[in-house]
Amino acid sequence: MALKQQQQLKQQQRLSPQQIQTVKMLELPALEMEERIKSELDENPALEEGKDYSEEHDDECDTDEEVADNQYSNEDISLGDYMYEDDIPDYKLAEISSKEERKESVPFNNEQSLSDYLLQQLKLSQLSEKDEKIGEYIIGNIDDDGYLRRPLTAIADDIAFMSGQEFGVGELSEVLELIKDFDPAGVGACDLRECLVLQLKKCPETKGTSLAINILTNFFDEFTKKHFDKIQKAMNISDKKMKAAIQAIMSLNPKPGSNWDDSMTTMMNRVTPDFVVETNNGEITFSMNDRGIPDLRVNREYVNMLKDYTGNKVNQTSDMRDAIMFMKQKLDSAQSFIDAVRQRQETLQRTMEAIILLQEDFFLTGDESKLRPMILSDVADKAHYDISTISRVSSSKYVQTNFGVFPLKFFFSESAQTDSGEIISTRKIKQIIKREIESENKKAPITDEELTALLKSQGFQIARRTVAKYRQQLGIPIARLRR
């Protein structure tokens, strides 16, 4: 078939650079936003910290190029500017104006991370420079649970690519064996079985520990499925010895790295919340955590310099024209960044206001059962934004309340209907499932069918597969594995 040229006219929607920058900023949590601003301040000499007082001197700033027409500072956004009359709740939403108060109310954590702790032990091991470098790469690939789930061949390829030095897998294995001897016990394992065996080897030597190592080494699958009778028969051991081995294994930590992140509360204390919502005597107080987001403005010296250069059109040289082009680019970039930061703050505030309005009962009481069913479209309708915008805002953002620190996604849940027609959050059903399983007889754990019947007796018409889905979301195994 012969090649030929043809013209085609079509329209396409494309995001402007300003829109792309704003969208990317929406996804950044508080700490990353601080780093983003610091980076921009370092790279762009036309951007500086400080409030913008240019409105008092507009006549001095006007140029033919209109460079200084739109200078903004990242001022605090007063709450309620974007609320509508039918949205105003019975309680008062007031902003904490003092930044000092915000700094005191926002928690931060200076605790040592798992990687830092392992690197500290590596430095004390008196290794050669080569082995220490290998150890740093290996530790960098250990996840938060304490496992090394990447193969050594892949790590060796990374080292070769990033440093230009090639190391054999044998060399990496030697250093890894040393790391496996570090605290916490079990760190550096590639799977659960190895992790538990490493911990048992560090335990005091008893009949129970030696038998437990044997069971994990040779009958791991049977043990995880709780086929203890098969293990006893194959190893020809008594019930007493079997119970001692099980007790030794059950005392181990399947996630050795969780010592640094052992609970939801500990994890929440390590994040920097983007919002602070406090309740006092039935009044909800809401503020943005902008302690790391300074006021921004366009550099006045750059504006005046551009004014001088553009005003001297007669004696402009090639270097001057290049300087004018450079200054224009930097000024435009600075103004665009200031506008994007301001738009981000405005969007975050309106979104959080909408969530507070929809989840008023929870913020007042802290009772999880009072969370209303809420999906992205509910918040989008209330905040008057697109669903995609709400999705970006709710990603990696946290809110500090009187009852703890929660990710924004915590407040979103699907709805379910009772026999009486009442619409409730699925989180309430999950609470019932969790409560029933926690109080069950472990010798005869409650099955999904029994949970379904129990929920139906309480007015929740839910299928068994839905109950199984909720149970899995709660991280609870099936009845047979809970014995």
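Refer to the preceding data block for the structure.
What you see is a predicted model; the values in this text were computed from it and never measured.

Next up on the list: the overall build of the chain. A tally of regular secondary structure across the chain gives 22 helices and eight strands. Out of the 483 residues belonging to the chain, those deemed buried represent 42%. Accessible surface, the chain as shown: approximately 28,100 Å² in total, 46% of it carbon and sulfur.

The four strands lie next to each other as β3-β2-β5-β6, forming an open sheet whose pairing is mixed. Of all the strands in the sheet, the pair left with one neighbour each is β3 (283–288) and β6 (404–407). On average, adjacent strands in this sheet sit at an angle of 20 degrees to one another, irrespective of strand direction. Sheet contacts for helix α16 (residues 318–358): β2 (275–280), β3 and β5 (398–401); angle to β3, the most-contacted strand, approximately 160 degrees.

Further remarks concern helix α2 (residues 30–43). The end-to-end C-alpha distance of α2 is 20 Å, a good match for the 20 Å that 14 residues give at a rise of 1.5 Å each. Turning to α2, its buried residues are Ala30, Met33, Glu34, Ile37, Glu40 and Leu41. Taken down its axis, α2 places every buried residue within 130 degrees of arc, on the same side. The exposed residues of α2 that point more than 90 degrees off its buried face are Asp42 and Glu43. Buried residues along α2 sit in contact with α1 (17–26), β1 (47–49), β4 (296–298) and α16.

A few words on helix α7 (residues 152–163). Here α7 contains 12 residues, and its C-alpha end-to-end distance of 16 Å stays within 8% of the 16 Å for a straight helix at 1.5 Å per residue. Considered for burial, the residues of α7 that qualify are Leu152, Ala154, Ile155, Ala156 and Ile159. Buried positions along α7 lie against α6 (129–140) and α8 (169–179). With its phi angle positive at about 80 degrees, Gly164 sits one or two positions after the end of α7.

Our focus in this paragraph is the packing of α2 against α16. Orientation of α2 relative to α16, taken along the N-to-C sense of each, is 165 degrees, at an axis distance of 11 Å. Compared by their axis directions, α2 and α16 come out roughly antiparallel. As for how α2 packs across α16, the hand of that crossing is left-handed. Across the interface between the two elements, Ala30, Met33, Arg36, Ile37, Glu40 and Glu43 of α2 pack against Lys330, Ser333, Phe337, Val341 and Arg344 of α16.

With that settled, consider the pattern of salt bridges. Two side chains of opposite charge can pair, provided their charged atoms sit close to one another. If you walk through the whole model with that rule in mind, you get 14 salt bridges. Glu171 is the partner of Lys130 in a salt bridge, and the nearest nitrogen-oxygen pair spans 2.7 Å. Residue Lys130 is found in helix α6, and its partner Glu171 is found in helix α8; the two are separated by 41 residues along the sequence. Residue classification places Lys130 among the partly exposed positions, given a relative accessible area of 38%. Glu171 sits in the partly exposed class, given a relative accessible area of 27%. Connected through shared salt-bridge partners, Lys123, Glu132 and Glu136 make up one network.

By the secondary structure assignment, Asp448 is in helix α21 (residues 448–457). Accessibility expressed as a relative area gives 12% for Asp448, which makes it buried.

Let us look at the nonpolar core. Grouped together as the largest cluster of nonpolar side chains are 28 residues, with contacts concentrated most on Met352, Ile355, Phe363 and Phe411. In terms of residue count, the dominant contributor to this core is α16 (six residues). With residues near it in sequence (within four places) discarded, Phe363 still touches Val277, Thr279, Ile284, Met352, Ile355, Ile356, Thr401, Phe403 and Phe411.

Here we come to the environment of Ile478. Its place among the elements puts Ile478 in the segment after α22 (464–473). The partly exposed category is assigned to Ile478, whose relative accessible area is 37%. Taking the C-alpha atoms as reference, Ile478 lies 7.4 Å from Thr447; in sequence the two are 31 residues apart.

Quick look at the environment of Thr351 now. As for its position among the elements, Thr351 is in helix α16. Separated by 31 residues in sequence, Thr351 and Lys382 have C-alpha atoms that sit 8.2 Å apart. Setting aside residues no more than four positions away along its own chain, Thr351 makes contact with Val379, Ala383, Tyr385, Ile390 and Val393.

By the secondary structure assignment, Phe403 is in the loop between β5 and β6. When the C-alpha positions of Phe403 and Asp367 are compared, they lie 9.1 Å apart, and in sequence the two are 36 residues distant. In this structure Phe403 touches Phe362, Phe363, Leu364, Thr365 and Gly366, once residues within four positions along its chain are discounted.

On the surface, a cluster of positive charge is made up of Lys225, Lys230, Arg480 and Arg483. By the secondary structure assignment, Lys225 is in the loop between α11 (220–224) and α12 (228–235).

Look at the link from Asp183 to Pro184: it is a cis peptide, with omega at 0 degrees. Along the polypeptide, Pro184 turns up in the loop between α8 and α9 (192–202). The residue Gln126 is not glycine, and still its phi comes out positive at about 55 degrees. Secondary-structure assignment places Gln126 in the loop between α5 (114–123) and α6. Take Gln126: its relative accessible area is 75%, and that puts it in the exposed class. Notably, Asn236 is not glycine yet its phi reads approximately 55 degrees, a positive angle. Considering the arrangement of structural elements, one finds Asn236 in the loop between α12 and α13 (239–250). Under the relative-accessibility criterion, Asn236 is labelled exposed at 72%.

Cut-offs applied
Once a new chain begins, its residue numbering starts again from 1 and follows that chain's sequence as written. It should be noted that, the model being predicted, local features are given only for residues of pLDDT at least 70 and side-chain atom pairs only at 80 or more, the latter also being counted only at that level, while totals for whole chains, interfaces and linings use all residues. Hydrogens and water molecules were not included; the side-chain quantities draw on all heavy atoms of the structure. Elements are defined by DSSP. Helices are runs of H or I of four residues or more, strands are runs of E of two residues or more, and each kind is numbered from the N terminus. Note on exposure labels: buried denotes an accessible area under 20% of the residue type's maximum, exposed denotes more than 50%, and partly exposed covers the range between, all computed with a 1.4 Å probe on protein chains only. Here the Shrake-Rupley method, with its probe set to 1.4 Å, supplies the accessible areas, and only the displayed protein chains count as covering residues. Whether two strands pair comes down to DSSP finding at least two bridges between them. Only the stretch in contact is used when a helix axis is fitted, and all axes are lines through C-alpha atoms; the angle between N-to-C directions ranges over 0 to 180 degrees. Between two residues, a contact is recorded if the distance between any of their heavy atoms is within 4.5 Å. Take the number of residues in a helix, subtract one, and multiply by 1.5 Å to get its expected span. Note that the arc is computed from the directions linking the helix axis to the C-beta atoms. Convention used here: angles under 35 degrees read as roughly parallel, angles over 145 as roughly antiparallel, angles from 65 to 115 as roughly perpendicular, and any remaining angle as oblique. The crossing is said to be left-handed when, going from far helix to near helix, the turn is anticlockwise and less than a right angle, and right-handed when the turn is clockwise. Whenever a carboxyl oxygen of Asp or Glu lies within 4 Å of a side-chain nitrogen of Lys or Arg, that contact is scored as a salt bridge. Remark: nonpolar core denotes a set of buried residues (Ala, Val, Leu, Ile, Met, Phe, Trp, Tyr, Cys) joined through side-chain atoms within 4.5 Å. Patches here: salt-bridge-free residues with over 30% relative accessible area, like charges joined within 9 Å, nonpolar side chains (Val, Leu, Ile, Met, Phe, Trp, Tyr) joined within 5 Å. We count Lys and Arg on the positive side and Asp and Glu on the negative side, and we leave His and both chain ends out. By convention, the point assigned to a charge is CZ for Arg, NZ for Lys, CD for Glu and CG for Asp.

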